[in-house]
Amino acid sequence: MLPSVSPWLQFTLIAAGVLLAIGAVGSLALGGLNRKTIPAGVAAIVPAVFLIVMPVQLGLSADRANTQRHDNAGTSETQARERCLTDGHADGLIPFVDYLNKTLPAGASYAATSPGQTDNACLTYVLMPHEHVDFDKAQYLVFIGAVPTWLKLRVQPGTYHTFAPGQAVGRVKA
Amino acid sequence: MSVGTVLGWLLVHALFVAAGGALLAAVGALRYDPRGLLWALGPAYLAGVALVSLVLILLVVIGLPYTLFTLIVVPLLLAGGLGYLALRRHGRIEAPGRALPFRSTPERVLVIGLAAVLVLYLLFAGTSFKDLPTLWDPAHMWFLRASALYHAQGLDSSVFTNKAIFAPFHIDYPLLQPAFQAAIYHGLGKEAIRYFHIEQWGLFAAALWTAAWLLRPGRRIIIWLPALMAIAVAGGTPNAPTQGNADLTVAIFVALGGLAFGVWLERKHPAHLILGALFLAAAANSKKEGQIFAVAIAVAVLLVLLAQRAWRPLRQLVLAGVGAIALIVPWLAYAALNSLPSNDTVPLHTLLSSGYLTGRLFRLGIATDGVLGQLQDINAWAWATPVLVGVALACLVARRLRPLAAFYLIGATLMILALLWIYWTGSWPDVAIYLNVTVDRTTTSVALLSAFAAGHLAAAAALRGDEPVDEPTSAAKAADEPTEPELAGARS
């Protein structure tokens, strides 16, 4: 690597090096640069370059793959799915999400008071196969954060359940 | 893992192989002997994934349900129809031949050793992906949409329809990978979000197999195998299956489309043209970059054929292009008709507005450094692109394989320019961060195509050393011959 040289120059130098190597093989090993020896040089240099480059890459890639194996060993399907909550700094939602997945009826639709626009897709993913819809189409309301009064009024009495502070769920009035 | 899961897995893969195998047979690319059929398994699978997924996208766009029944019927109908064509054509089209024999025992040992190392590496890396979590982008786009397709049995899910919630998450992105992922879920009978990373790696293994299948006939394996191996073990390759993004999926189809077109330019066998068009259609349905890259490859072929005045191949290319466009249009039409927002593409009127491009010229320099820096990084892409540039220039200087060298050089250059355009004009405010989080993935297609192309040029150069210099009309003449002149020369 040539860290002080700009990337486009490095790119050009490598390409030029390959070209020179082809020329060198043609002129030195095959007796001159002409329409026969240059293709022969191409056929010699391409596999040679890749055979030289490959062993180091193989070692590095195998090591990276092994790191992935060790770092993620034992991750369950649920943990794998809920990773976006962790990455979004919403680990606190994981027990609530697990509760919702256990208690919402199969195929139920829900609307969520926003945990923020960015997390809506993550929430949808972790609550699949329940369907994330608009408030006027939802069978259940999932409250994350504030509980707007106007929305709480839509919940069927007796179905509102607070799981934790700022985390609640209720069935929409029929 | 239950017996039902295993049987379901076998079923869904067998369906892909059946549809793809029938396509290969219909275009005259199958050799009807045990070895030939075994060799065709990989390309049949990949062609099947492309073909079946594209048809499934068409079906869900027109509103048909995407169920296990659909998944079984569509490949069977495709296999039946294409199989019928194959039966009618059997014997009339020459199938691609075998590799040239080894010249020495050390060459045989080296090839077998390299192939064994490659297979072991692919297996080792694949098993390393078994417990991977769903990272940010897949959870917000790719895996999310696959799960929605699977559970809603089509596009009737808020994930595809609720712009208020999902507009920020590239709701207009093409659907091939989610459609394929949903097919795997249907086969397994459940979502398997950790396992799908391995399935993505399997697609890549099938792509290497397909590249080998395309390069093998009439050539020496030792010349092209190192290029495939180097890119297979390159550090950048496992990124996409590790992350679960669609970058490797699009790269597979772009690179195989480019390689198939390259082989077609050289040999004029219609099978390569049809496969090239199919793979590019799949690329365009995998990611938005795939649409631009497919156009880049098509323009490169077009320019070469125009320069050769090869009118008959040009007509064939136009026909194949129409077929590919017909497979690309459904999702684009769906996105347009439903006004799905494209929040990462700057509108044309903004691009053309005064000072937009010139005011962002500084981004072009940063993008050039970022893109070329990634492509020349030996630890990312094993020098594949600069090697291709050097080799193509050598061929052009020597006036050997000029159409092929020009095609690959133009194709790769246009793809790089397309990437630079994206970074220059893209909506991300900070281009450095934009590059930092994407350039290792967006360069995958260029690198994979470069490796395949370098291997192809080298293998073709090894064959053509004693042949006459390319003349402008030679390819046009060759185009009128339905046989494979290079193969005939090689066999003699």
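Residues numbered from 1 in each chain as written. Chains lettered and ligands numbered in written order. Predicted model: local features only at pLDDT ≥ 70, side-chain atom pairs only at ≥ 80, totals over all residues.

All right, on to the overall build of chain A then. In terms of helices and strands, chain A carries 7 helices and 5 strands. Of the regular secondary structure in chain A, the N- to C-terminal order runs α-α-α-α-α-β-α-β-β-α-β-β. Computed over its C-alpha atoms, the radius of gyration of chain A comes to 30 Å, more than 25% above the 16 Å expected for a compact globule of 174 residues. Referenced to the eigenvectors of the C-alpha coordinate spread, the extents of chain A come out at roughly 95 × 35 × 30 Å. Across the 174 residues that make up chain A, the buried fraction comes to 37%. (Helix = DSSP H or I, 4+ residues; strand = E, 2+ residues; numbered from the N terminus. Rg over C-alpha atoms; globule rule 2.2 N^0.38 Å. Buried ≥ 20, exposed ≤ 12 C-beta atoms within 10 Å, placed from the backbone.)

Now for the overall build of chain B. Broken down by element type, chain B carries 26 helices and 0 strands. Here the C-alpha radius of gyration of chain B, 22 Å, is about what a compact globule of 492 residues would show, namely 23 Å. Relative to its 492 residues, chain B shows a buried fraction of 58%. Taking the contacts inside chain B whose residues are at least 6 apart along the sequence as the reference set, 83% of them involve residues at least 24 apart. (Contact = placed C-beta atoms within 7 Å.)

The next subject is unusual backbone geometry. Of the consecutive residues A:M128 and A:P129, the connecting peptide bond is found in the cis state with omega at 10 degrees. Among the secondary structure elements, A:P129 is positioned in the loop between α6 (117-126) and β2 (131-132). Positive phi, normally seen in glycine, also occurs at A:H89, with a value near 55 degrees. Structurally, A:H89 can be placed in the loop between α4 (83-87) and α5 (94-103). Positive phi values are uncommon outside glycine, yet B:W383 reaches one of about 65 degrees. Residue position: B:W383 is located in the loop between α20 (378-381) and α21 (384-398). With 29 C-beta atoms packed within 10 Å, B:W383 lands in the buried category.

Turning our attention to the interface of chain B and chain A. At the junction of the two partners, chain B supplies 71 residues and chain A supplies 59 residues. Split into classes, the residues belonging to the side of chain B that touches chain A amount to 47 nonpolar, 17 polar and 7 charged. (Nonpolar A, V, L, I, M, F, W, Y, C, P; charged D, E, K, R; others polar.)

Let's shift gears to the packing of helix α1 (residues 7-29) of chain A against helix α2 (residues 37-72) of chain A. Residue and element names in this part refer to chain A. Viewed as axis vectors pointing N to C, α1 and α2 meet at an angle of 125 degrees, and their least axial separation amounts to 8 Å. The orientation of α1 with respect to α2, classified from their angle, is oblique. Here α1 and α2 pass one another in a crossing that is right-handed. Across the interface between the two elements, V18, A21, I22, G23, V25 and G26 of α1 pack against T37, I38, A40, G41, V42, A44, I45 and V49 of α2. (Axes fitted to C-alpha atoms, helices over the stretch in contact; angles between N-to-C directions. Parallel < 35°, antiparallel > 145°, perpendicular 65-115°, else oblique. Left-handed = near helix turned anticlockwise from the far one by under 90°.)

Membership of the largest hydrophobic core comes to 233 residues, with the highest contact counts inside it found for A:V42, B:A230, B:V391, B:L457 and B:A458. The element best represented in this core is helix α24 (residues 444-463) of chain B, accounting for 15 residues. Those residues in contact with A:V42, other than ones at most four positions away along the chain, are A:I22, B:V391, B:A394, B:C395, B:L457, B:A458 and B:A461. (Core = buried A, V, L, I, M, F, W, Y, C linked by C-beta atoms within 7 Å.)

Here helix α11 (residues 196-215) of chain B spans 29 Å end to end across 20 residues, near enough to the 28 Å set by a 1.5 Å rise per residue. By the criterion of burial, α11(B) is predominantly enclosed, with 17 of the 20 residues buried. (Expected span 1.5 Å × (residues − 1).)

Moving on to the pairing of strand β1 (residues 109-112) of chain A. The two faces of the sheet receive side chains in turn, since in a regular strand these alternate between them. Residue and element names in this part refer to chain A. Note that β1 and β2 share 2 bridges and pair parallel. In the strand pairing of β2, S109 is matched with E131. Where β1 meets strand β3 (residues 140-144), 3 bridges bridge the pair, whose relative direction is parallel. Each bridged residue has a counterpart across the sheet, and for A111 the counterpart in β3 is L141. (Pairing = 2+ DSSP bridges.)

Turning to the pairing of β3(A), a few remarks are in order. Residue and element names in this part refer to chain A. With 5 of 5 residues buried, β3 lies mostly within the body of the structure. In the sheet, β3 pairs with strand β5 (residues 167-171) via 5 bridges, with the strands oriented antiparallel. What sits directly across from I144, in β5, is Q167.

Here we take up the sheet that holds strand β4 (residues 161-164) of chain A. Residues and elements named next belong to chain A. Pairing in this open sheet of 5 strands is mixed, and the strands run β2-β1-β3-β5-β4 from one edge to the other. In this open sheet, the two strands that pair with only one neighbour each are β2 and β4. Packing against the sheet, α5 makes contact with β3, β4 and β5, and its axis sits at approximately 140 degrees to β4.

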